[in-house]
Amino acid sequence: MGTDLHQLLRSLRVWDPEVTALPSFDPDTAPGTPLPLFTAWFAEAVAAGQTEPHTMSLATADEEGLPDVRIVMLHGADADGWSFATHATSRKGGQLAARPYAALAFYWPVLGRQVRIRGPVTAAPSLEGQADLHARSTGALAAALTGRQSDLLGSLDELAHASRTAWERARREPGAPVSSWTLYRLRPEEVEFFQGDERRRHVRLAYRHGEGGWTRRLLWP
């Protein structure tokens with residue numbers, strides 16, 4: 001007999017105060033801009049042993065305005081924005097070309113924290129994208145060289161053959177160019193920090209960027 005999904009869901013407990021101790025967050029101590037707080041929270045997630053803290057949800061919309069979402073890797077965050085990379089010819093690359101606006105979401109359950117970011121997206125110059133790719137692992141280059149992301153795949157054997165060829169080239173040519181590989185930057189207009197609380201008194205601090213710079217406000221959980 002298969003597992004009853006509803007019964008399994010009811011058996012789960014999140015932030016049970018008897019077994020959970022989450023960090024506190026005083027928004028009055030938060031900096032005036034979101035990047036330093038994000039950097040601090042990211043470092044704390046790494047120190048707490050959060051698995052793959054640099055992965056994030058990337059939400060885009062297609063030409064018809066229908067939403068799409070997937071998990072990607074953070075490549076950096078600085079004054080120019082939060083960056084990630086993909087093939088310009090992929091589904092998300094096409095969506096960003098049609099509607100250059102996106103949202104990001106980080107979830108670090110070990111600390112009960114989320115960070116949500118929204119803003120316009122631009123593509124970095126090709127040289128920056130190639131430099132970013134070649135600074136990464138051989139596996140990352142091999143995956144990029146395999147290419148054809150989001151295209152229909154005839155069989156797993158076809159993928160295995162293309163992957164073997166790509167790995168061989170990546171080892172042989174660590175600087176091999178991948179013309180479709182693109183580094184994207186999301187320049188934040190809104191950034192929200194969510195600190196979970198086992199008593200459900202969650203703290204939500206929202207930053208918004210306007211003509212006068214960043215403003216902060218609290219949100220009801």
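The structure presented is a predicted model; accordingly, all values stated were derived computationally and were not measured. (Residues numbered from 1 in each chain as written. Predicted model: local features only at pLDDT ≥ 70, side-chain atom pairs only at ≥ 80, totals over all residues. Heavy atoms only, no water.)

Visitor: Would you mind going over the overall build of the protein with me for this structure?
Guide: Tallying secondary structure elements over the protein gives six helices and 10 strands in all. Viewed in the frame of its principal axes, the protein has a C-alpha envelope of about 60 × 55 × 40 Å. Burial analysis of the protein (221 residues in total) assigns 36% to the buried set. Of the charged side chains in the protein, 24 are positive and 26 negative, and the gap between their average positions amounts to 1 Å. (Helix = DSSP H or I, 4+ residues; strand = E, 2+ residues; numbered from the N terminus. Buried < 20%, exposed > 50% of the residue type's maximum accessible area, 1.4 Å probe, protein only. Lys, Arg positive; Asp, Glu negative; His and termini not counted. Charge placed at Lys NZ, Arg CZ, Asp CG, Glu CD.)

Visitor: Explain the nonpolar core here, please?
Guide: Counting 27 residues, the largest nonpolar core has Leu37, Phe38, Phe84, Phe106, Val115, Ile117 and Phe193 as its most contacted members. Contributing elements (two or more residues each) for this core: α2 (34-47), β1 (55-61), β4 (81-87), β5 (101-108), β6 (113-123), β7 (181-186), β8 (190-195) and β9 (203-210). Counting residues in each nonpolar core, the second largest holds 13 residues, with Ala124, Leu141, Leu145 and Trp181 among its members. (Core = buried A, V, L, I, M, F, W, Y, C linked by side-chain atoms within 4.5 Å.)

Visitor: What am I meant to see in the packing of helix α5 (residues 138-146) against helix α6 (residues 156-172) here?
Guide: Two measures define how a pair of helices packs: the angle their axes make with one another and the distance between the axes. Contact geometry of α5 with α6 gives a least axis separation of 8 Å together with a crossing angle of 130°. If you check the angle between α5 and α6, you find them oblique. When you trace α5 past α6, the crossing you get is right-handed. Along its contact with α5, which presents Thr138, Gly139, Leu141, Ala142, Leu145 and Thr146, the element α6 presents Leu159, Ala162, Ser163, Ala166, Trp167, Arg169, Ala170 and Arg171. (Axes fitted to C-alpha atoms, helices over the stretch in contact; angles between N-to-C directions. Parallel < 35°, antiparallel > 145°, perpendicular 65-115°, else oblique. Left-handed = near helix turned anticlockwise from the far one by under 90°. Contact = heavy atoms within 4.5 Å.)

Visitor: Could you clarify how one ought to interpret the side chain of His87 in this entry?
Guide: Note that His87 resides in strand β4. One polar contact links His87 to Ser180, side chain to side chain, over a distance of 2.6 Å. (Polar contact = N/O pair within 3.5 Å; in protein donor to acceptor, adjacent residues only side chain to side chain.)

Visitor: What's the story with a nonpolar patch on the surface in this structure? I'm lost.
Guide: A surface patch of nonpolar side chains, amounting to about 310 Å² of accessible area, comprises Leu5, Leu9 and Leu12. Mapped onto the fold, Leu5 is located in helix α1 (residues 5-11). What makes Leu5 exposed here is its relative accessible area of 52%. (Patch = residues over 30% accessible without salt bridge, like charges linked within 9 Å, V, L, I, M, F, W, Y side chains within 5 Å. Areas by Shrake-Rupley, 256 points an atom, 1.4 Å probe, with all protein chains shown as cover. Salt bridge = Lys/Arg side-chain N within 4 Å of Asp/Glu carboxyl O.)

Visitor: I tried to follow the packing of aromatic side chains on my own but got confused; where do I start?
Guide: For the structure on display, the rule yields 12 aromatic pairs. Note on Phe38 and Trp108: the rings are 6.0 Å apart at their centroids and 45° apart in plane angle, and the pair reads as tilted. Here Phe38 is found in helix α2, whereas its partner Trp108 is found in strand β5, with 70 residues between them in sequence. Of the residues examined, Phe38 reaches a relative accessible area of 3% and is grouped as buried. The class of Trp108 is buried, set by a relative accessible area of 0%. Aromatic side chains Tyr207 and Trp214 sit 6.3 Å apart centroid to centroid with 80° between the ring planes, which places their arrangement in the edge-to-face category. Members of the aromatic cluster, joined through ring pairs, are Phe25, Trp41, Phe193, Tyr207 and Trp214. Cation over ring: Arg113 sits above Trp41, and NZ or CZ is 4.2 Å from the ring centre. (Phe/Tyr/Trp six-rings, centres within 6.5 Å; stacked < 30°, edge-to-face > 60°. Lys NZ or Arg CZ within 6 Å of the ring centre and 35° of its normal.)

Visitor: Is there a simple way to explain the pairing of strand β2 (residues 67-73) in this structure?
Guide: Remark: a regular strand shows side chains that alternate across the two faces of the sheet. Pairing analysis gives seven bridges linking β1 to β2, with the strands arranged antiparallel. In the strand pairing of β2, Ala61 is matched with Pro67. Count of turn residues in the β1/β2 antiparallel hairpin: five residues, of which Gly65 carries a positive phi of about 85°. (Pairing = 2+ DSSP bridges.)

Visitor: Could you clarify how one ought to interpret the pattern of salt bridges in this entry?
Guide: It is possible for side chains of opposite charge to pair when their charged atoms get near one another. What the rule picks out here adds up to 14 salt bridges. Two residues, Asp68 and Arg70, come together in a salt bridge whose shortest N-O distance is 3.5 Å. Note that Arg204 and Glu192 form a salt bridge whose closest N and O atoms lie 2.7 Å from each other. Here the residue Arg204 occupies a position in strand β9, and Glu192 occupies one in strand β8, the gap between them amounting to 12 residues. With respect to class, Arg204 is no different from Glu192; both count as buried. Where salt bridges share partners, they join Asp68, Arg70 and Arg91 into one cluster.

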